[in-house]
Amino acid sequence: MTPSGTELRRTLGVRDAVVVGLGSMVGAGVFSALGPAARAAGTGLLPGLALAAVVAYCNAMSSARLAARYPASGGTYVYGRERLGPFWGYLAGWAFVVGKTASCAAMALTVGAYIWPGQAHAVAVAAVVALTAVNYGGIQKSAWLTRVIVAVVLAVLAAVVVVCLASGRVAAGRLDIGLSSGAGGALQAAGLLFFAFAGYARIATLGEEVRNPARTIPRAIPLALGITLVVYACVAVAVLGVLGADRLGQATAPLADAVRAAGMPGLVPVVRAGAAVAALGSLLALILGVSRTTLAMARDGHLPGMLAAVHPRFKVPHRAELAVGVVVAVLAATVDVRGAIGFSSFGVLAYYAVANASAWTLSPAPAASMVPVMGLLGCATLGPRPHARPPSSAGPVCSAGRERLVRGDDLAAQRQQGDRDQLEVGDAERDADDRDAQGDTGDDMRDRQPPAGQDQPQHVADAGGRARVPALDRGVPEGPQGVDADAEGGYPEGDADDRDAQQDAGEQVAQEQPEAAQDEPNDVQDGLHW
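*Asks:* I'd love a proper account of the pattern of salt bridges, names of residues and values included.
*Replies:* A side chain with one charge can pair with a side chain of the opposite charge if their charged atoms come near. The tally for this structure, following the rule as stated, stands at seven salt bridges. Of the charged contacts in the structure, one is a salt bridge between Arg-81 and Asp-300, with a shortest N-O distance of 2.3 Å. Linking Arg-81 in helix 5 (residues 76–83) with Asp-300 in the loop between helix 13 (268–299) and helix 14 (318–334), this pair joins segments that are 219 residues apart in sequence. We note a salt bridge from Arg-299 to Glu-208, for which the minimum N-O separation is 2.8 Å. Highlighted residues: Arg-299 in helix 13 and Glu-208 in the loop between helix 10 (201–205) and helix 11 (213–250), separated in sequence by 91 residues. What makes Glu-208 buried here is its relative accessible area of 6%. It is possible to trace a salt-bridge network through shared partners that takes in Arg-81, Glu-82 and Asp-300.

*Asks:* An account of unusual backbone geometry is requested, with residue identities and associated values reported.
*Replies:* Within the chain, Asn-212 stands out as a residue other than glycine whose phi angle is a positive 45°. Within the secondary structure, Asn-212 is located in the loop between helix 10 and helix 11. Overall, Asn-212 belongs to the partly exposed group, its relative accessible area being 44%. Even without glycine at this site, Lys-315 takes up a positive phi of about 55°.

*Asks:* Pulling in residues and values, what's your account of the nonpolar core?
*Replies:* By size, the foremost hydrophobic cluster in this structure holds 127 residues, and its most contacted members are Phe-31, Phe-194, Phe-197 and Tyr-200. Top element by residues in this core is helix 11. It accounts for 17 residues.

*Asks:* A description of the side chain of Asn-135 should follow, citing residues and the corresponding values.
*Replies:* Checked against the element boundaries, Asn-135 lands in helix 7 (residues 120–136). If we ignore the near neighbours within four places in the chain, the residues touching Asn-135 are Ser-142, Leu-284, Ile-287, Leu-288, Val-316 and Glu-321.

*Asks:* Describe helix 3 (residues 34–41), and please don't skip the residues or the numbers.
*Replies:* Among the eight residues in helix 3, seven count as buried, and that is most of the element. Of the residues making up helix 3, those classed as buried are Leu-34, Gly-35, Pro-36, Ala-37, Ala-38, Ala-40 and Ala-41.

*Asks:* An account of the packing of helix 4 (residues 45–69) against helix 9 (residues 182–196) is requested, with residue identities and associated values reported.
*Replies:* The interhelical angle for the contact between helix 4 and helix 9, taken along N-to-C directions, is 50°, at an axis separation of 8 Å. By the criterion of interaxial angle, the relationship of helix 4 to helix 9 is oblique. Between helix 4 and helix 9 lies a crossing of right-handed hand. Taken together, the residues of helix 9 that come into contact with helix 4 (itself represented by Leu-45, Gly-48, Leu-49, Leu-51, Ala-52, Val-55, Ala-56 and Asn-59) are Ala-186, Leu-187, Ala-190, Leu-193 and Phe-194. Grouping the constituent residues of the contact of helix 4 with helix 9 by class yields 11 nonpolar, two polar and no charged.

*Asks:* Describe the packing of aromatic side chains, naming the residues involved and giving the relevant values.
*Replies:* For the structure on display, the rule yields eight aromatic pairs. On the numbers, 6.2 Å between centres and 75° between planes, the contact of Tyr-90 with Trp-94 is edge-to-face. On the criterion of helical spacing, the pair formed by Tyr-90 and Trp-94 is a turn pair, its members being four residues apart in helix 6 (residues 86–115). By relative accessible area, which is 29% here, Trp-94 ends up partly exposed.

Cut-offs used in this document
Residues numbered from 1 in each chain as written. Predicted model: local features only at pLDDT ≥ 70, side-chain atom pairs only at ≥ 80, totals over all residues. Heavy atoms only, no water. Salt bridge = Lys/Arg side-chain N within 4 Å of Asp/Glu carboxyl O. Helix = DSSP H or I, 4+ residues; strand = E, 2+ residues; numbered from the N terminus. Buried < 20%, exposed > 50% of the residue type's maximum accessible area, 1.4 Å probe, protein only. Core = buried A, V, L, I, M, F, W, Y, C linked by side-chain atoms within 4.5 Å. Contact = heavy atoms within 4.5 Å. Axes fitted to C-alpha atoms, helices over the stretch in contact; angles between N-to-C directions. Parallel < 35°, antiparallel > 145°, perpendicular 65-115°, else oblique. Left-handed = near helix turned anticlockwise from the far one by under 90°. Nonpolar A, V, L, I, M, F, W, Y, C, P; charged D, E, K, R; others polar. Phe/Tyr/Trp six-rings, centres within 6.5 Å; stacked < 30°, edge-to-face > 60°.

That is the geometry; function is a separate question.
Below, the structure is given as structure tokens:
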């Protein structure tokens, strides 16, 4: 029991709780997660989505049952403490606070990358300050802003679905369900999609601010999850129908690429704006959840007691919210988001593992314990592996950006290798011409040529009497007798031209890479669960 005067105000109904859940789940992940998921699963994308839905449902129902029994701020921190013991609650609390604080920083940088890529850190800090101020003014203001954000995001997603399906460029064959990348690819896609919309626990962390929580929370969590799954399924079908699994897997901005392929390139800026707004919604819900868990831990003495203060007028944990806002703003201003994603992913897994284990203790009946057991096994199965970096709401975005840069590096290497091959062929032809032209000067010159097939340099005198080094010997001088430099002390003119051509080609490729990476602000986000 909390002391009188330190309780939060119960003002959220079912609709408000559902909106908060939607703001958490329909975030930036829906705009970017489908690309990495399709790249991992191929034609197994839709089965992967179905598997992610099953695991999410099990976790959501476990959280709903626990929230109805323990309607207090803190979510799984409270459930683990009450059902499993102080240590497990402590583990869940710290996993949530640390992991979701990292997610806050990642989401803030996602907002900055979409709005103003050149000043992503500054915009991220401004977004954190603004949303912290909204939360400080009371949960009703946060719920109102979340309604606006969710309405905008759903409108953008609906426009994408309608444009894709009505474009006449949808092919039923692209929706064939299979396992082109094997069961492992489908599992990896399921993990990416699960982490992208695993925000339903945010409703449980607000248990102390929900009216009639025993009735409201068990209704709000499945409703929010069901709406989110329908949205993801509609978007996935529409985008797959236009792009197909292969093109979708190569897309770094799947929804933008889909509307462009559907013949509506003018909708691309709207899609990008929708992604920025969705990231704001996720950030708002994350700050809410972290501050409530911080409040619960401060009440138990696991964090400084001053963070347990509740504002007498607004009835919010104002000190906890300010502390969370400051920490997230500092992280958003100073760290690379990629380093935050690992903490976030580990925190999500530990958090839901404790939630499912706590729900398993609620009833000894085998039927009642089946759901939390499936949820626990699902989290372990879909957890991050060395080859699968799970995103936060922005995580897939950063993964796509990194992979695009890797592909760019590979392309640059291939182009440079092609340039070298062409230059070597040209040098070989010139050497043959030189030998033919000098054939009349005597057999002694041909005797100096090394046997065919050897890699050692061939020194052929040109018409001016200078020794010439062919392409295979370029850049490895053997001394005055092997290389006759020109007047400036450089390499022979033909080889210098070859090196200049290679350098120009490398510079051109290097200049093309940043331009390709700037098409979408994916390189500043990772990825996360996020």
